[in-house]
Amino acid sequence: MDPNTTASNTTASDTTASDTRGWNPTAPHAPALGLRETKKRETRQLISDRATRLFIEQGFERTTIAEIADAARVAKKTVTNYFPRKEDLALDHQEEFVAALAGTVAAREPGETPLTALRRAFLAAVAAQDPVAGFAGPAFTRMIADSPTLSSCLRGLHDRREEALAVALADMTATPPDDITPRTAAALLGGVHRVLFTRIQQLTLAGRTNPEIAQVLAQEAPKAFDLLTPALAEYGRS
């Protein structure tokens, strides 16, 4: 599902489907695409948007590839060519999510530690009510919570994100990737992000609005990151 779908390009039901914007942190200045590539991206987005609408309306587990193909007016093979697994249709920008923490560390400011960079980035995401941080909206959040498959997939994405962070930390500290130190640091930092992501989901399912959730997380997130200060205050300072 593409989070950048505008209201003018969707039906009312499609607008509901595009309520999760957490899986497509698209670059604002992407290079111009050729007609063929543009058409492929439009088809991919259309399939994902129609799939997400169906997942929300009737549940992920009960929705079939055939129904998605019919809704998008494409062949079943076209759907599977773009999305080899059904869960890829719901969480269709997984690689960006997996790379997010490692990317923040790699792009940190001179003299900034990974802990400081990740704390700063997360609080900025909360202030912006960024879907990547978990502000996906009630319909999409409920869709994931109600699906064992999607819940498992999300746990796997958190695991992969932690692993990518461990590699980035090992690289920046010139430490072997299998060394215990970057792996432990990544587990601590990734764990905090996992807890905060889950907290946003819980508050969303409890009926809190995004602005209300942002207020809560603005108070809670610093406390969570503060717990890591004794261990990671100076770790990775460049």
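Residues numbered from 1 in each chain as written. Predicted model: local features only at pLDDT ≥ 70, side-chain atom pairs only at ≥ 80, totals over all residues. Heavy atoms only, no water.

**Q** Any chance you could explain the overall build of the protein here in plain terms?
**A** Counting its secondary structure elements, the protein contains 12 helices and 0 strands. Counting from the amino terminus, helix and strand elements in the protein follow one another as α-α-α-α-α-α-α-α-α-α-α-α. Counted over contacts in the protein with a minimum sequence separation of 6, partners at least 24 positions apart contribute 71%. (Helix = DSSP H or I, 4+ residues; strand = E, 2+ residues; numbered from the N terminus. Contact = heavy atoms within 4.5 Å.)

**Q** I keep staring at the pattern of salt bridges and nothing clicks. Help me out?
**A** Applying the stated criterion across every chain yields a total of 12 salt bridges. The salt bridge partner of Glu 37 is Lys 40, with a shortest N-O separation of 4.0 Å. Of this pair, Glu 37 and Lys 40 are both found in helix α2 (residues 35-58), 3 residues apart, which corresponds to roughly one turn of the helix. A relative accessible area of 38% means that Lys 40 is categorised as partly exposed. (Salt bridge = Lys/Arg side-chain N within 4 Å of Asp/Glu carboxyl O. Buried < 20%, exposed > 50% of the residue type's maximum accessible area, 1.4 Å probe, protein only.)

**Q** Explanation requested: helix α11 (residues 210-226) in the structure shown.
**A** For the α-helix, the turn length of 3.6 residues means that residues three or four positions removed from each other point alike. Between its terminal C-alpha atoms α11 stretches 24 Å, which fits the 24 Å expected from 17 residues at 1.5 Å a residue. In α11, a bend of some 30° at Leu 217 exceeds every other bend along the element. When α11 is considered as a whole, its buried residues turn out to be Ile 213, Ala 214, Val 216, Leu 217, Ala 221, Pro 222, Ala 224 and Phe 225. As for α11, its buried residues are in contact with α7 (114-127), α10 (180-205) and α12 (229-232). (Expected span 1.5 Å × (residues − 1). Bend = angle between axes of the 7 residues up to and from the residue.)

**Q** Sorry if this is basic, but what is going on with the confidence of the model for the protein here?
**A** When pLDDT is low, close inspection of the predicted coordinates is not appropriate. Residues with a pLDDT of 70 or more make up 86% of the protein, whose mean pLDDT is 87. Within the protein, α11 carries the highest mean pLDDT (98), whereas helix α1 (residues 12-17) carries the lowest (37). Contacts from residues 1-30, a stretch scored under 50 in pLDDT, to residues over four places away or in other chains number 57 contacts. (pLDDT = per-residue confidence, 0-100.)

**Q** Just checking my understanding: could you explain unusual backbone geometry for this structure?
**A** What is expected of a backbone is that most residues other than glycine have negative phi and most peptide bonds are trans. Of note, the phi angle at Gln 129 is positive, near 50°, even though the residue is not glycine. Examined against the element boundaries, Gln 129 turns out to sit in the loop between α7 and α8 (138-145).

**Q** How should helix α3 (residues 65-72) be read in this particular structure?
**A** Inspection of α3 places Ile 65, Ile 68, Ala 69 and Ala 72 among the buried residues, and these make up the whole buried set. Buried residues in α3, looked at end-on, bunch into an arc of 100°, giving them a common side. Structurally, α3 contributes buried residues whose contacts are with α2, α4 (76-82) and α5 (86-90). One or two steps after α3, the chain reaches Arg 73, where phi turns positive at roughly 60°. (Arc of directions from axis to C-beta.)

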